[in-house]
Structure formats: structure tokens, C-alpha cells
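Structural overview for review
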Amino acid sequence: MSVQEVEGGRFVRQANRFTDRITADGSSGYPAEPGRYRLFVSYACPWAQRTLIVRRLLGLEDAISVAVVDPIRDERGWRFPDRDPVTGAVFLSELYLARDPSFQGRYTVPCVWDTETGRLVTNDFPNITTTFETEFTALHRPGAPDLYPEALRPRIDELNDLVYRTVNNGVYKAGFATSQDAYEEAFDALFATLDQLEERLSTSRYLFGDDVTEADVRLYPTLARFDAVYHGHFKCNLRRIADYPNLWGYARDLYSIPAFGETTNFDHIKRHYYVTQRNINPSGVVPKGPAIDWTAPHDRNR
Ligand SMILES: N[C@@H](CCC(=O)N[C@@H](CS)C(=O)NCC(=O)O)C(=O)O
């Protein structure tokens, strides 16, 4: 986290720098072809987990390869536990600087690399999942869900916007605030939205009825990290997710789906936030708890 990202005590996320698009018809210069693209992720990163969930739900594992970075990051940015066998990179920065030697921003995950041209295509995280959903349809597994149904898109986009501002990014705004006002503003907005979602999930299994959509994919990674990290480390401690009957049941319901559960790595999540973010946790000590049972039965399929 660089200092420039806190303005007047408020956390401001950097704009995504590379925004080329992969398209089904190849009109963008990046056709959606099997085996061509490599997705770079951290299991710790909520924005990256979205892309892993969607890749798995849609059965794109063979079409799009994945490289996972080490959860601990220093001032050189993300690095691979071993040299990435496809690109030969040791640090993620090498991919960014290959694309633009003058790049001065943060080297972020998730990002997508084109093995054909040897170029970084995009680090524009909101568009990576929707690209998998809408441009890779020819490569989806038979019977893959429609995570972004055309008729629901305006409503999904509207909810995603609120969830992004107040929940997904809201926890960061609370955690990285360096003024009391900025922290409390983010805190209040976060819990107001969680209360609203708790109510919504009292009558609906998922955010848009009985089928998982892009809205659930975006909310889940924040819920998965909440009690283990955001509640303490980011001071989002009015309530835990485990204190909300519907949100907690919903989170466990999603966790029981392999695309969600098997992409949730609590070890990487905890070590990344507590060890890497020394501005908030100078000792780097990682808490042992909390004891929460993600596999406890839920009654969401009632
Ligand atoms: N691309 C977005 C979101 C992705 C993002 O923030 N990823 C984090 C991990 S959760 C990251 O890679 N940070 C690298 C760094 O701060 O050096 C951004 O630039 O803010």
C-alpha cells in the first residue's frame, strides 16, 4: 500500500491501468481461444478470488491456465514461489514492465497475460469475470450456469455498485483510513449495507433468487475474509458475519460449492494481510483464531 493512496485520511484505490478486452470474435485483437491466456492471482486477494470462482463455475480450467503468487509481498511486489514456468517471471512486476517499461503503479492481481503476443492484456478486475461469462461462452462446460443473465444485468450492476463501494472496497476504506472521520464513514456505510443484505437474504437463497450470479461471486470473497481478517485487522468490528444468521448461512452455502470453497485459502488470506500490511500490523504476528466452522450445516436450501 503506497502512501499516495491515502488522501486526507481516506483510502483511494488506484485506477486499473491495462484495460484491453478479450472478445469472442477477436475484434479487439485478443480472441477468446483455449489455452491462450494465463490468469495471475493471489489466493489472498478478494478481487482475484472472483476470477478463480468464475473460471471454475464455468469449467474454464483447461482453457485458461492459472499462476498463484506467494501470499507474502514486500516492496518489490508479488513474487512466484518458483519461477513461473510459462512466462519465466520471478516477480509479477516483470509482466507489467514488459508491457510498459514506464509503468509506475502497483503491480496488482488479478491480471491476464496473453501467451501468444507475450503481453499483459488486462488488470481491470471488474471486467475479467464478466469477460469470462460473456466472451468465453463457446468454451464453457456443458450445462455451465449463466452467471450474468442479460435480463438481470442492470439490477446486478446496481447491487454490485453498492456492494463494491460499501463492502468490497468499504472494508479497505475502513482499514486504511488514517482519520477518525474517514474510518467511521466507511464503517457506518459497510454495516448499513450488511444489514440490508441480511434482510434481502431472509427471503432469497442467493442475491438474485435460487441461482448463483455474478453478484454472489462479488460479495462472497469479502464475507470469506471478514471474520478472519477485516473484523480485527481492518477494525470492522460492529458485528461478525457469524452474527448475521442469513449472511452467515449464505456464506456457508456458497462455501459448500467447490468453486467457492476450494478457492478459499484461509492460510494465504491471513498470512497475506497480517504479514504484508505492516502499516496496520507492524509486528507481522498472525492471529491464531477465530474458530469458525465453515462446514457447519446451513438451511439455505429450505
Ligand atoms: N486492480 C485493482 C484491484 C486489485 C488489487 O488491489 N489487488 C491487490 C491485492 S488484493 C494487489 O495486487 N496489490 C498489489 C500492491 O498493492 O502492491 C487495484 O489496482 O486496486
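The structure displayed is predicted, hence computed values, not measured ones. (Residues numbered from 1 in each chain as written. Predicted model: local features only at pLDDT ≥ 70, side-chain atom pairs only at ≥ 80, totals over all residues. Heavy atoms only, no water.)

1. Brief notes about the site of the ligand
Convention followed: If even one non-hydrogen atom of a residue comes within 4 Å of a molecule or strand, that residue is called near it. Definition of a polar contact: a pair of N or O atoms within 3.5 Å, with one able to donate and the other able to accept a hydrogen when the atoms are protein atoms, and with sequence-neighbouring residues admitted only if both atoms are side-chain atoms. All accessible areas in this document rest on Shrake-Rupley with a 1.4 Å probe, and a residue is counted as covered only by the protein chains that are shown. Note on residue classes: Ala, Val, Leu, Ile, Met, Phe, Trp, Tyr, Cys and Pro are nonpolar, Asp, Glu, Lys and Arg are charged, and everything else, Gly too, is polar.
In the neighbourhood of the ligand, 15 residues make up the surrounding shell, with R13, N16, C45, W78 and R106 lying closest. Here an oxygen atom of the ligand and a side-chain polar atom of W78 are 2.8 Å apart. Between V109 and the ligand, the recorded distance is 2.9 Å, taken from a backbone N or O atom to a nitrogen atom. Expressed as a share of its isolated accessible area of 500 Å², the protein-covered part of the ligand is 94%. In terms of residue class, the shell around the ligand is built from 8 nonpolar, 4 polar and 3 charged.

2. Structural notes on the sheet that holds strand β3 (residues 37-41)
Cut-off, in case you're wondering: Paired strands, in this sense, are two strands between which DSSP finds at least two bridges. Helix and strand assignments follow DSSP, with helices taken as H or I runs no shorter than four residues and strands as E runs no shorter than two, numbered in order from the N terminus. Only the stretch in contact is used when a helix axis is fitted, and all axes are lines through C-alpha atoms; the angle between N-to-C directions ranges over 0 to 180 degrees.
In space, the 4 strands of this open sheet follow the order β4-β3-β5-β6, with mixed pairing throughout. Looking at strand neighbours, the two that pair on one side only are β4 (64-68) and β6 (119-122), the edges of this open sheet. On average, each strand axis in the sheet is tilted by 35° relative to the strand beside it, whichever way the strands run. Bridge analysis of β3 against β4 gives 5 bridges, and the strand direction is parallel.

3. Points about the domain arrangement of the protein
Reports of interface size often rely on the accessible area that becomes lost once the parts have come together. Where we set the bar: These domain boundaries are the output of an automatic or database domain assignment. In this analysis, two residues are considered to be in contact whenever any of their non-hydrogen atoms come within 4.5 Å of each other. Throughout, the accessible surface (probe 1.4 Å) given up by two parts as they are put together, summed over both, is called the buried area. Here a salt bridge means any side-chain nitrogen of Lys or Arg lying within 4 Å of a carboxyl oxygen belonging to Asp or Glu.
Assigned domains of the protein: these are domain 1 (5-139) and domain 2 (150-264). Look at where the C-alpha atoms of domain 1 and domain 2 centre, and you get two points 23 Å apart. Facing 24 residues of domain 1, the contacting portion of domain 2 comprises 27 residues. The junction of domain 1 with domain 2 conceals about 2100 Å² of combined surface from both sides, 56% of it contributed by carbon and sulfur atoms. Of all residues in domain 1, the largest losses of buried area upon contact with domain 2 belong to F11, Q49 and R50, amounting jointly to 26% of the total for that side. Scanning the region where domain 1 abuts domain 2 turns up 2 salt bridges. For E262, the salt bridge goes to R56, with nearest N and O atoms at 2.9 Å. Our count for the contact surface shared by domain 1 and domain 2 stands at 12 residue pairs in polar contact (both at pLDDT 80 or more). Every element with two or more residues in the side of domain 1 that touches domain 2 is listed here: β2 (10-11), α1 (46-57) and α3 (125-134).

4. Describing the packing of aromatic side chains
Here is the rule: Centre distance within 6.5 Å is the pairing criterion for rings of Phe, Tyr and Trp, where only the six-membered ring of Trp is used; planes under 30 degrees apart are then read as stacked, over 60 as edge-to-face, and the remainder as tilted. Counting as a charge over the ring demands two things of the Lys NZ or Arg CZ atom: a distance within 6 Å of the ring centre and an angle within 35 degrees of the ring normal.
Under the defined criterion, the tally for this structure stands at 32 aromatic pairs. A centroid spacing of 5.9 Å and a plane angle of 40° characterise the contact between Y172 and F176, whose relative ring orientation is tilted. Highlighted residues: Y172 and F176, both in helix α5 (residues 170-176), separated by 4 residues, approximately one helical turn. Directly above the ring of F208 sits R200, whose terminal nitrogen or CZ lies 4.8 Å from the centroid.

5. Overview of helix α8 (residues 245-255)
Where we set the bar: When a residue's accessible area, from a 1.4 Å probe over protein chains only, is under 20% of the maximum for its type it is buried; when over 50% it is exposed; and in between it is partly exposed.
Here α8 lies mainly inside the structure; 9 of its 11 residues are buried. In this structure, the buried side of α8 is in contact with α6 (180-200), α7 (214-230) and α9 (258-261).

6. With respect to the environment of R153
As for its position among the elements, R153 is in helix α4 (residues 153-168). Put simply, R153 and A215 are 62 residues apart on the chain and 9.8 Å apart in space, counted from C-alpha to C-alpha. The contacts of R153, once residues within four sequence positions are left out, are T134 and Y148. Within the structure, R153 has its side chain in polar contact with the backbone oxygen of Y148 (distance 2.8 Å).

7. What to know about the pattern of salt bridges
On inspection of all chains with the given rule, the structure shows 15 salt bridges. D161 is the partner of R165 in a salt bridge, and the nearest nitrogen-oxygen pair spans 3.3 Å. Separated by 4 residues within a single helix, R165 and D161 lie in helix α4, roughly one turn from each other. What makes D161 partly exposed here is its relative accessible area of 39%. Residue R218 is joined to E214 by a salt bridge in which the shortest nitrogen-to-oxygen separation is 2.5 Å. In this pair, R218 and E214 both sit in helix α7, 4 residues apart, roughly one turn of the helix. Pair check on accessibility: R218 and E214 agree, each one buried. Taken together, the shared-partner salt bridges in this structure form one network comprising E33, R36 and D114.

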